[in-house]
Amino acid sequence: MLDPSLCERPASQWLAVKSTLYQWLMIPSLVVLVCVALVFLPWIIPFLRELRWRRLFIRLGILLCAFYLIATFPLTTAIIKKGLWAFVPNDPGTTNADAIVILGRGPKFRPSRVEVAAELWKSQRAPLIFASGAGDGQEIVEELKAQGIPGDALDEEHCSRTTKENALFTASVLQPRGVERILLVTNPPHMLRSVLTFRNLGFEVIPHPSTFPNHLPRRKKAILVFYESMGLLSYGLQGRLLPRDFITQHQNSPVAKLENSSQLESQNSKSVVTGDRSYSREQA
């Protein structure tokens with residue numbers, strides 16, 4: 001069982017910034033507004049009328065618009081999506097697991113993931129369904145119960161805020177019970193990063209994707225795909241996707257990671273109280 005204090009720790013500043021940025025990118029009109037503002041501000045604000053400032057703001061506005069258009073262009077989205085899925089092994093449908101792990105991502109994505117997890121359990125692919133995610137763990141369990149899944153086949157944690165924490169907290173709860181092989185349920189763009197992160201903590205992972213919500217606009221799907229590609233790159237650069245053999249067993253054990261996480265959150269809390277601006281948390 002997880003330490004309840006992990007759920008009460010303050011959110012990191014970086015996590016809040018990335019969440020705000022993600023929500024902003026989901027509204028094209030706001031992105032265009034910022035681009036236009038950057039281009040025209042040097043003509044309105046006196047001290048920005050100097051040639052170097054004018055060029056800087058105009059170039060920044062043009063680059064932002066170009067980057068946004070390229071990132072959300074259908075061909076770009078298709079290429080990135082194919083790349084994110086190319087290295088994910090298929091679920092043969094014949095291998096059973098010790099548990100089904102379903103990752104949360106809010107109410108829009110929840111129904112399809114719950115449906116997939118329920119079907120896997122009813123097909124007797126695993127005896128346990130474990131839900132992971134802040135604001136999702138308990139809700140997923142309730143929705144699974146509504147689909148006829150008994151309570152003794154369900155468990156959850158509702159403290160994790162990132163993919164790394166999904167894997168870490170899940171490992172801390174399930175691995176002491178002897179769970180080694182899991183069926184992992186999340187959407188396709190998020191699957192590769194999730195599979196590698198859970199493998200990093202010693203799980204044998206069978207990926208089983210859920211579908212995108214039908215009502216999700218194309219541009220929002222494109223932003224989500226691009227966001228996941230950046231998340232995969234970020235995790236790779238930080239060494240979070242390396243096999244366990246690259247790191248010592250103690251450093252990579254769920255217990256050690258939980259201790260480090262608790263210490264880090266404690267340091268962050270002190271930083272917020274004292275006004276220290278050196279933050280060191282990460283985002284999904």
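Residues numbered from 1 in each chain as written. Predicted model: local features only at pLDDT ≥ 70, side-chain atom pairs only at ≥ 80, totals over all residues. Heavy atoms only, no water.

Looking at the overall build of the protein
1) Next: When helices and strands are counted, the protein shows 12 helices and 5 strands.
2) Next: Every one of the 284 residues in the protein was classed for burial, and the buried ones make up 44%.
3) Next: Considering only residue pairs separated by 6 or more positions, the protein has 74% of its internal contacts joining residues 24 or more positions apart. (Helix = DSSP H or I, 4+ residues; strand = E, 2+ residues; numbered from the N terminus. Buried < 20%, exposed > 50% of the residue type's maximum accessible area, 1.4 Å probe, protein only. Contact = heavy atoms within 4.5 Å.)

Comments concerning helix 6 (residues 110-122)
1) Next: With 13 residues, helix 6 should reach 18 Å at 1.5 Å per residue; the first-to-last C-alpha distance of 18 Å fits that figure.
2) Next: Where helix 6 is concerned, the buried positions are R110, S112, R113, V114, V116, A117, A118 and L120.
3) Next: If you follow the buried residues of helix 6, they end up packed against strand 1 (99-103), strand 2 (129-132), helix 7 (137-146) and strand 4 (181-185).
4) Next: After helix 6 finishes, the residue Q124 shows a positive phi value of roughly 60°. (Expected span 1.5 Å × (residues − 1).)

Let's talk about the packing of helix 8 (residues 163-174) against helix 9 (residues 188-200)
1) Next: Running from amino to carboxyl end, helix 8 crosses helix 9 at an angle of 40°, the nearest separation of the two axes being 9 Å. Classified by the angle their axes make, helix 8 and helix 9 are oblique. As for the relative orientation of helix 8 and helix 9, their crossing is right-handed in sense. On helix 9, the residues that touch T163, K164, N166, A167 and T170 of helix 8 are H190, R193, S194, T197 and F198. (Axes fitted to C-alpha atoms, helices over the stretch in contact; angles between N-to-C directions. Parallel < 35°, antiparallel > 145°, perpendicular 65-115°, else oblique. Left-handed = near helix turned anticlockwise from the far one by under 90°.)

Some details on the layout of surface pockets
1) Next: Of the volumes computed, that of the largest pocket is approximately 790 Å³.
2) Next: Taken together, 33 residues line the largest pocket, and the ones lying closest to its centre are S19, Y22, Q23, R105 and G106.
3) Next: Looking at the lining of the largest pocket, the elements with two or more residues in it are helix 2 (13-25), helix 8, helix 9 and helix 10 (218-237).
4) Next: Among the elements that take part in the lining of the largest pocket, helix 2 stands out by supplying 5 residues, more than any other.
5) Next: The residue makeup of the lining of the largest pocket, split by class, is 12 nonpolar, 12 polar and 9 charged. (1 Å grid on protein atoms, 1.4 Å probe; cavity = no way out; pocket = protein on both sides within 12 Å on 5 of 7 lines; lining within 4 Å. Points joined across faces, edges and corners; volume = space filled by probe spheres on them. Nonpolar A, V, L, I, M, F, W, Y, C, P; charged D, E, K, R; others polar.)

Side note on the packing of helix 5 (residues 74-86) against helix 10
Packed helices, taken two at a time, are described by the angle their axes make and the gap between the axes.
1) Next: Relative to each other, helix 5 and helix 10 sit at 45°, their axes nearing to 9 Å. The pairing of helix 5 with helix 10 is recorded here as oblique in orientation. The two elements helix 5 and helix 10 cross, and the hand of that crossing is left-handed. On the side of helix 5, the interface is formed by P74, T77, I80, K81 and L84, while helix 10 contributes R218, A222, V225, F226, E228, S229 and L232.

A short note on the nonpolar core
1) Next: With 33 residues, the main nonpolar core has V101, L174, I182, L184, F198, F203 and V205 as its most contacted residues.
2) Next: Contributions of two or more residues to this core are made by helix 5, strand 1, helix 8, strand 4, helix 9 and helix 10.
3) Next: For this core, the element with the highest residue contribution is helix 8, accounting for 6 residues.
4) Next: Residues in contact with I182, not counting those within four places in the same chain, are A97, A99, V101, F198, F203, E204, V205 and I206. (Core = buried A, V, L, I, M, F, W, Y, C linked by side-chain atoms within 4.5 Å.)

Concerning the side chain of E157
1) Next: Checked against the element boundaries, E157 lands in strand 3 (residues 154-157).
2) Next: Of the polar contacts made by the side chain of E157, one reaches the side chain of S132; its length is 2.5 Å.
3) Next: If we skip the residues at most four places from it in the chain, E157 touches L2, F130, A131, S132, G133, G137, N166 and F169. (Polar contact = N/O pair within 3.5 Å; in protein donor to acceptor, adjacent residues only side chain to side chain.)

Concerning helix 10
1) Next: For helix 10, with 20 residues, the first-to-last C-alpha span of 29 Å sits near the 28 Å given by 1.5 Å per residue.
2) Next: Residues A222, I223, L224, V225, F226, Y227, E228, S229, G231, L232 and Y235 constitute the buried set of helix 10.
3) Next: G239 lies just past helix 10 and shows a positive phi near 75°.

Distances and angles like these do not, on their own, reveal function.
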